[in-house]
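Overview (structure and organization)
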Amino acid sequence: MEYKRTLEEAPEALQRFLALFMEQLTRKTLGNAVELMTEDERAELERLLGLMIEPPRSFAPYSF
C-alpha cells in the first residue's frame, strides 16, 4: 500500500520539491534549479523522477 501511495503522490511531491528552488530563480528551468541543489537534494530529485518514469511493477508491493 505504501509503495502504491508513494507512486501516486510522486508528481505532487516533485512539484512541491521543485517549487522551493524555482522561487529563487528569475529564469525558471530545471537545469538552473539543479545548479542550486546540494548533493542530497539532487538524490531526492532523482528518486522522485525515477518514481514517475519507471512503470509500476505489480509484484513489488507483495515481494517482501
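What comes next is a walk through the structure.

About the criteria used
Every chain's residues receive numbers from 1 upward, in the order its sequence appears when written. Local features in this predicted model are restricted to residues whose pLDDT is 70 or higher, and side-chain atom pairs enter the listing and the counts only when it is 80 or higher, whereas totals over whole chains, interfaces and linings include all residues. To obtain the side-chain values, all non-hydrogen atoms of the structure were used and water was disregarded. Under the DSSP-based scheme used, a helix requires at least four consecutive residues in state H or I and a strand at least two consecutive residues in state E, with every element numbered from the N terminus. In this analysis, the expected span of each helix is defined as 1.5 Å times one less than the number of residues it contains. Two axes are fitted around each residue, one to the seven residues ending there and one to the seven starting there, and the angle between them is reported as the bend at that residue. Relative accessibility decides the category of a residue: with a 1.4 Å probe and only protein chains considered, values under 20% of the type maximum give buried, values over 50% give exposed, and everything between is partly exposed. The arc in question is the one spanned by the directions pointing from the helix axis to the C-beta atoms. Residue contacts are defined here by distance: any two heavy atoms, one from each residue, within 4.5 Å place the two residues in contact. Here, nonpolar core refers to any group of buried Ala, Val, Leu, Ile, Met, Phe, Trp, Tyr and Cys residues whose side-chain atoms link them within 4.5 Å.

1. Points about helix H1 (residues 2–22)
For H1, built from 21 residues, the straight-helix expectation of 30 Å at 1.5 Å per residue is met to within 8% by its first-to-last C-alpha distance of 29 Å. If you look at H1, its biggest bend is around 50°, right at Ala10, and the proline Pro11 turns up within four residues after that. Those residues of H1 that sit buried are Leu7, Ala10, Leu14, Phe17, Leu18 and Phe21.

2. Quick word on helix H3 (residues 39–53)
The end-to-end C-alpha distance of H3, which contains 15 residues, comes to 21 Å, matching closely the 21 Å that a straight helix rising 1.5 Å per residue would cover. Among the residues making up H3, those that are buried are Leu45, Leu48 and Leu51. Looking straight down H3, one finds its buried side chains confined to an arc of 125°; they lie on one side. Exposed and facing more than 90 degrees away from the buried side of H3 are Glu39, Glu46 and Ile53. Tucked inside the fold, the buried residues of H3 contact H1 and helix H2 (30–36).

3. Topic: the nonpolar core
Residues Leu14, Phe17, Leu18, Phe21, Leu25, Ala33, Met37, Leu45 and Leu48 constitute the largest nonpolar core, which totals nine residues. Those elements that provide at least two residues to this core are H1 and H3. Per element, the largest residue contribution to this core is four residues, and it comes from H1. When near neighbours in sequence (up to four residues on either side) are disregarded, Ala33 contacts Phe21, Met22 and Leu25.

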